[in-house]
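What the coordinates show
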Amino acid sequence: QVQLVESGGGLVQAGGSLRLSCAASGRAFSSYGMAWFRQAPGKEREFAAGISWSGGRTAYADSVKGRFTISRDNAKNTVYLQMNSLKPEDTAVYYCAAHVDSGSYYRRPSYEYGYWGQGTQVTVSS
């Protein structure tokens, strides 16, 4: 098993940047494909970005492509989400998730991810 803890959320003005971190503990972090999801009030949880175990493959939702960058540092057991050019519609709770398929990086349904963090709130003001 793996335990996930997100941090780095907060309040930022439109056009600003934030970097989210997700620290993992437990079973070997590099065994997992990782992803960031987000959930806005009244909406379903949606995939934002994913990364394979090595970091060699990444994928993004169209809504964040070109603005967000997912990365990981397996030595530090941490996955990151750098968010630039933030928009009010990016306001959501952001969750990191781990998939037992280490090669997983592409969009997959949320129910396929076996491990989740508690989430971190990102609020973008206009």
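This section reports on the structure supplied with the text. Remember, it's a predicted structure, so these values are computed and weren't measured experimentally.

A word on the pairing of strand S5 (residues 46-51)
In terms of burial, S5 is largely enclosed, as five of its six residues are buried. One ladder, built from five bridges, connects strand S4 (residues 33-39) with S5; its direction is antiparallel. Within S5, the position partnered with Ala35 by the bridge is Gly50. The turn linking S5 back onto strand S6 (residues 58-60) is made up of six residues, and Gly55 within it adopts a positive phi angle of 85°.

A closer look at the state of the cysteines
Considering all chains together, one arrives at one disulfide under this definition. Here Cys22 engages in a disulfide with Cys96; their sulfurs sit 1.9 Å apart. The sign of the 50° torsion about the S-S bond sets the Cys22-Cys96 disulfide as right-handed. Of the two residues, Cys22 is situated in strand S3 (residues 18-26) and Cys96 in strand S9 (residues 92-99); the sequence distance between them amounts to 74 residues.

So, the sheet that holds strand S1 (residues 2-7)
What the four strands build is an open sheet, ordered S1-S3-S8-S7; its pairing is antiparallel. Of all strands in the sheet, those bounded by a partner on one side alone are S1 and strand S7 (68-73). Neighbour to neighbour, the strand axes of the sheet diverge by 15° on average, direction disregarded. Across six bridges, S3 lies against strand S8 (residues 78-83) in antiparallel orientation. Counterpart to Leu20 in the pairing with S8 is Leu81.

Here we look at the environment of Gln118
In this fold, Gln118 is placed in the loop between strand S10 (115-116) and strand S11 (120-125). For Gln118, a relative accessible area of 48% gives the class partly exposed. Linking Gln118 and Tyr94, residues 24 residues apart in sequence, is a C-alpha distance of 8.8 Å. Ignoring any residue separated from it by four or fewer positions in sequence, one finds Gln118 in contact with Leu4, Val5, Glu6 and Tyr95.

Some remarks on the nonpolar core
Leu4, Met34, Trp36, Val79, Leu81, Met83 and Tyr94 are the most contacted members of the largest nonpolar core, which has 28 residues in total. Secondary-structure elements contributing two or more residues to this core are S1, S3, S4, S5, S7, S8, S9 and S11. Beyond its immediate chain neighbours, meaning those up to four positions away, Val79 contacts Leu20, Ser21, Cys22, Phe29, Met34, Trp36, Ile51, Ile70, Ser71 and Arg72. In this structure, Phe47, Ala59, Ala97 and Tyr113 belong to the second largest nonpolar core, which totals six residues.

Brief notes about unusual backbone geometry
The backbone phi angle of Asn77 is positive, close to 55°, even though this residue is not glycine. Topologically, Asn77 is positioned in the loop between S7 and S8. What makes Asn77 partly exposed here is its relative accessible area of 29%. At Ser85, a position not held by glycine, the phi torsion is positive, near 50°.

About the thresholds
Residue indices begin from 1 for each chain and proceed along its sequence in written order. Thresholds applied to this predicted model are a pLDDT of at least 70 for local features of residues and 80 or more for the giving and counting of side-chain atom pairs; totals over whole chains, interfaces and linings are not thresholded and use all residues. No hydrogens and no water enter the side-chain calculation; it runs on all heavy atoms of the structure. Working definition: with a 1.4 Å probe on protein chains only, accessible area under 20% of the residue-type maximum means buried, over 50% means exposed, and in between means partly exposed. Under the DSSP-based scheme used, a helix requires at least four consecutive residues in state H or I and a strand at least two consecutive residues in state E, with every element numbered from the N terminus. Paired strands, in this sense, are two strands between which DSSP finds at least two bridges. The disulfide definition used here is simple: a pair of cysteine sulfur atoms within 2.5 Å. Between the N-to-C directions of two axes lies an angle of 0 to 180 degrees, each axis being a line fitted to C-alpha atoms and, for a helix, fitted only over the stretch in contact. Residues are treated as being in contact if the distance between any of their heavy atoms lies within 4.5 Å. The set of buried Ala, Val, Leu, Ile, Met, Phe, Trp, Tyr and Cys residues whose side-chain atoms join them within 4.5 Å is what this entry labels a nonpolar core.

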